[in-house]
Amino acid sequence: MAALRYAGLDDTDSEDELPPGWEQRTTKDGWVYYANHTEEKTQWEHPKTGKRKRIAGDLPYGWEQETDENGQVFFVDHINKRTTYLDPRLAFTVDDNPTKPTARQRYDGSTTAMEILQGRDFSGKVVIVTGANSGIGFETAKSFALHGAHVILACRNMTRANEAVSRILGEWHKAKVEAMTLDLAVLRSVQHFAQAFKAKNVSLHVLVCNAAVFALPWSLTKDGLETTFQVNHLGHFYLVQLLQDVLCRSAPARVVVVSSESHRFTDINDSSGKLDFSRLSPSKNDYWAMLAYNRSKLCNILFSNELHRRLSPRGVTSNAVHPGNVMYSSIHRSWWVYTLLFTLARPFTKSMISVEVLAPETEVTESSEGALGTRLLKQ
């Protein structure tokens, strides 16, 4: 309430009053969202009424909207010489207009990849999906292929990859889909894949960095790095670097990095706040499988953010996505305990076809869920 009084909005409607721990915020384009500082999450619906709202009208006389160094919107009252992160127009919000939904409002946890791409023609587009022989990768590759894209399944196991290609062709015999060898645990394999792809002399419009391992026992790759770190992050990092020139020539293009909400439950800095490289590729004594996975997913997000900063001026965007709680994938296969837990949780999670696809034409703004979560984490 102190923040409300400071912005001159202490006279609130009891129905719209937020529960303890909640804060009301706005995006750059005027949509209202709600931050729960206790659970560290954000949502579009009011926690009590379930309504979605947007800002109506212009800022009051003397007010100006600005953005801080972290990308957070704040407001300056030049007359009274004060600043606040609370939009002074929040007292005059209106209910969301259902006839003009945003991308975030159209898609939810039950939306399938096929529904997201409905009506889109990807003829002439080239898409690479890593780890595409099963799970999220397969559904993503299939969805692109059935909408006309030339899809390359980048997989370690070519037998399973060719089976996945056959399954897609079984649904549409005209689909342009092929498999190529890519073992992210071997950097030379990543290099060979990039060379073989470039030899095709084709464009690259979408690169989906999806492949990952989970709950592996400690081991080192042939390159001398901890396996989870190399497969989940470093292998993809190297792949993007090798294909960066092709992406830029193919602009507009997009890199999609499949991360996870588990990135919130770890840190890669030491006690002084500096990057601790020993945490990225730990020794056997310092290794914990779940923590290694979380750190690799945090690296995914940091990499995607920096990649977007560097390449977006050249027409290549990058987005890190959390696919939702999907227990139907085979990522848990390394340990029977996780397999049991995933099986028990399946009825309460998304099915394998309810995965998110970010197409090159899909506009992703600062109001997207990933950006909101990142903002909340920074504060």
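Conventions used here
Per chain, residues are indexed from 1 in the order of the written sequence. Only residues with pLDDT of at least 70 are given local features in this predicted model, and only at 80 or more are side-chain atom pairs given and counted; all residues enter the totals for whole chains, interfaces and linings. Remark: hydrogens and water are excluded; side-chain values derive from all non-hydrogen atoms of the structure. The rule for pairing is simple: two strands pair if DSSP sees at least two bridges between them. Helix numbering and strand numbering both begin at the N terminus, where a helix is a DSSP run of H or I of at least 4 residues and a strand a DSSP run of E of at least 2. A fitted line through C-alpha atoms represents every axis, and for helices the fit uses only the stretch in contact; the resulting angles, taken between N-to-C directions, go from 0 to 180 degrees. UniProt positions are given in the numbering used here, feature names are shortened, and annotations may be inferred rather than shown by experiment. Burial classification: accessible surface area is computed with a 1.4 Å probe over protein chains only, and a residue below 20% of its type maximum counts as buried, one above 50% as exposed, and the rest as partly exposed. Under this definition, polar contacts are N or O atom pairs within 3.5 Å; protein pairs additionally need one hydrogen-donor-capable and one acceptor-capable atom, and for neighbouring residues in sequence, both atoms have to be side-chain atoms. Aromatic rings from Phe, Tyr and Trp, taking only the six-membered ring of Trp, are treated as a pair when their centres fall within 6.5 Å; an angle between ring planes under 30 degrees marks them as stacked, one over 60 as edge-to-face, and anything in between as tilted. Look at NZ for Lys and CZ for Arg. If either is within 6 Å of the ring centre and within 35 degrees of the ring normal, a charge sits over the ring.

Peer 1: Quick one: what's the story with the sheet that holds strand 5 (residues 63-67), residue by residue and with numbers?
Peer 2: Pairing within the open sheet is antiparallel, and its three strands lie in the order 5-6-7. The outermost strands of the open sheet, each flanked by one partner alone, are strand 5 and strand 7 (82-84). Going from strand to strand, the sheet's axes swing by 30 degrees on average, the running direction of each strand aside. Pairing of strand 6 (residues 73-77) with strand 7 involves three bridges; the strand directions are antiparallel.

Peer 1: Describe the UniProt feature "domain: WW" (unreviewed entry) in the chain, with residues and values.
Peer 2: Mapped onto the present numbering, the UniProt feature "domain: WW" (unreviewed entry) falls on residues 16-49 and 57-90. From the first C-alpha to the last, residues 16-49 spans 7 Å; its make-up is 0% helix and 38% strand.

Peer 1: Got a sec to walk through the sheet that holds strand 12 (residues 206-209)? Specific residues and values, please.
Peer 2: Ordered in space as 11-10-9-12-13-14, the six strands form an open sheet in which the pairing is parallel. The outermost strands of the open sheet, each flanked by one partner alone, are strand 11 (176-181) and strand 14 (316-321). On average, each strand axis in the sheet is inclined to that of its neighbour by 15 degrees, with strand direction left out of account. Here four bridges tie strand 12 to strand 13 (residues 253-258), and the two strands are oriented parallel to one another.

Peer 1: I'd love a proper account of the side chain of Ser250, names of residues and values included.
Peer 2: Mapped onto the elements, Ser250 comes out in the loop between helix 7 (227-249) and strand 13. The class of Ser250 is buried, set by a relative accessible area of 7%. A distance of 2.7 Å separates the side chain of Ser250 from the backbone oxygen of Val246, its partner in a polar contact.

Peer 1: Could you give an account of the packing of aromatic side chains, naming the residues involved and the relevant values?
Peer 2: For the coordinates displayed, the defined rule picks out five aromatic pairs. Aromatic pair Tyr33 and Trp44: ring centres 6.1 Å apart, planes at 70 degrees, arrangement edge-to-face. In this pair, Tyr33 is assigned in strand 2 (residues 32-36) and Trp44 in the loop between strand 3 (41-43) and strand 4 (53-54), connecting sequence segments eleven residues apart. Note on Phe122 and Phe144: the rings are 5.3 Å apart at their centroids and 90 degrees apart in plane angle, and the pair reads as edge-to-face. Highlighted residues: Phe122 in the loop between helix 3 (113-116) and strand 9 (126-130) and Phe144 in helix 4 (residues 135-145), separated in sequence by 22 residues. Over the aromatic face of Phe138 sits the side chain of Arg167, whose NZ or CZ is 4.0 Å from the ring centroid.

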